[in-house]
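In case you want the letters, here they are:
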Amino acid sequence: NDVFTVESAKKIAGGSMTILFGKATQPIQRGGKVVQRLDEKRRKGLMRAHSATHLLNWALQKSRLGTAQKGSSVDCDRLRFDYSTRVEHLEKEQRLEKLKTCEELMKEFIGKGGETRVQETTMEEAKKIENLQSDVKEDRIGGACVRIVALGTKEDVPVECCSGTHVLNVNTIGDVVIISDKSIGTKTRRIIALTGNEAKECRQYVENVEKELKEGNDKSAIGKVGN
Ligand SMILES: [Zn+2]
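Looking at an unreviewed UniProt entry, one finds the chain named alanine--tRNA ligase and attributed to Caenorhabditis japonica.

So, in structure tokens, the structure goes:
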């Protein structure tokens with residue numbers, strides 16, 4: 001069987017037609033039969049990571065650490081999120097404390113669960129949405145149609161214009177762990193975070209290291225008493 005690996009897709013003609021870009025192992029014949037297969041594991045990891053970027057954007061704004069999204073990229077259970085900030089010069093301890101607050105907000109949100117709501121509307125209607133945390137012009141579908149994605153069913157939820165793939169219920173994100181937060185320019189920072197199993201394994205790893213360090217310290221303390 002010949003394989004055509006889809007690497008990206010672009011909607012044209014107001015979303016009524018989609019062009020697929022990718023690599024084919026053989027020239028594609030006209031009239032050939034095509035079977036679509038999805039890498040389910042990777043897709044689910046992408047869904048968790050993408051929904052988590054919306055959640056992170058929301059948590060950063062709630063904790064007053066971030067003001068707006070500057071860019072993002074998602075991979076399987078891994079995400080990069082660039083954001084603008086007013087608090088550029090924070091003490092390391094204070095920043096860690098704020099990032100911890102972000103993680104807790106996201107964890108709480110995920111724990112409560114709630115279905116993802118997707119709605120297609122006009123540019124004019126989208127502009128009226130009060131808690132919209134993204135720019136309406138960011139939408140890539142084009143034309144008059146804007147896709148609105150709201151995570152969870154409560155009132156204070158992340159709402160963004162987005163054409164990406166998302167979890168059906170926020171509780172399937174499982175967990176979000178921020179593994180780094182660095183300055184990448186004036187008033188701009190970059191967060192790397194993990195979701196799902198990757199996040200779980202990361203927490204487990206940290207726990208193990210802390211335990212080992214504690215045991216090491218305890219042993220050296222005993223040694224001191226013995227001497
Ligand atoms: Zn999105």
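Text resumes after the structure shown.
Undergrad: Account for the pairing of strand E9 (residues 188-195), with residues named and values stated.
TA: Bridge count between strand E4 (residues 78-84) and E9: 7 bridges; the pairing is antiparallel. Directly across from Leu79, in E9, lies its bridge partner Ala193. Of the strand pairs in this sheet, strand E8 (residues 176-185) and E9 are connected by 8 bridges, and their pairing is antiparallel. In the sheet register, Val176 faces E9, and the bridge partner there is Thr195. Count of turn residues in the E8/E9 antiparallel hairpin: 2 residues, of which Lys187 carries a positive phi of about 55°.

Undergrad: How would you summarise the domain arrangement of the chain if you had to cite specific residues and measurements?
TA: Partitioning the chain into domains gives domain 1 (4-40) and domain 2 (41-213). Computed from C-alpha atoms alone, the centre-to-centre distance between domain 1 and domain 2 is 29 Å.

Analysis parameters
Residues numbered from 1 in each chain as written. Predicted model: local features only at pLDDT ≥ 70, side-chain atom pairs only at ≥ 80, totals over all residues. Pairing = 2+ DSSP bridges. Helix = DSSP H or I, 4+ residues; strand = E, 2+ residues; numbered from the N terminus. Domains from an automatic or database assignment.

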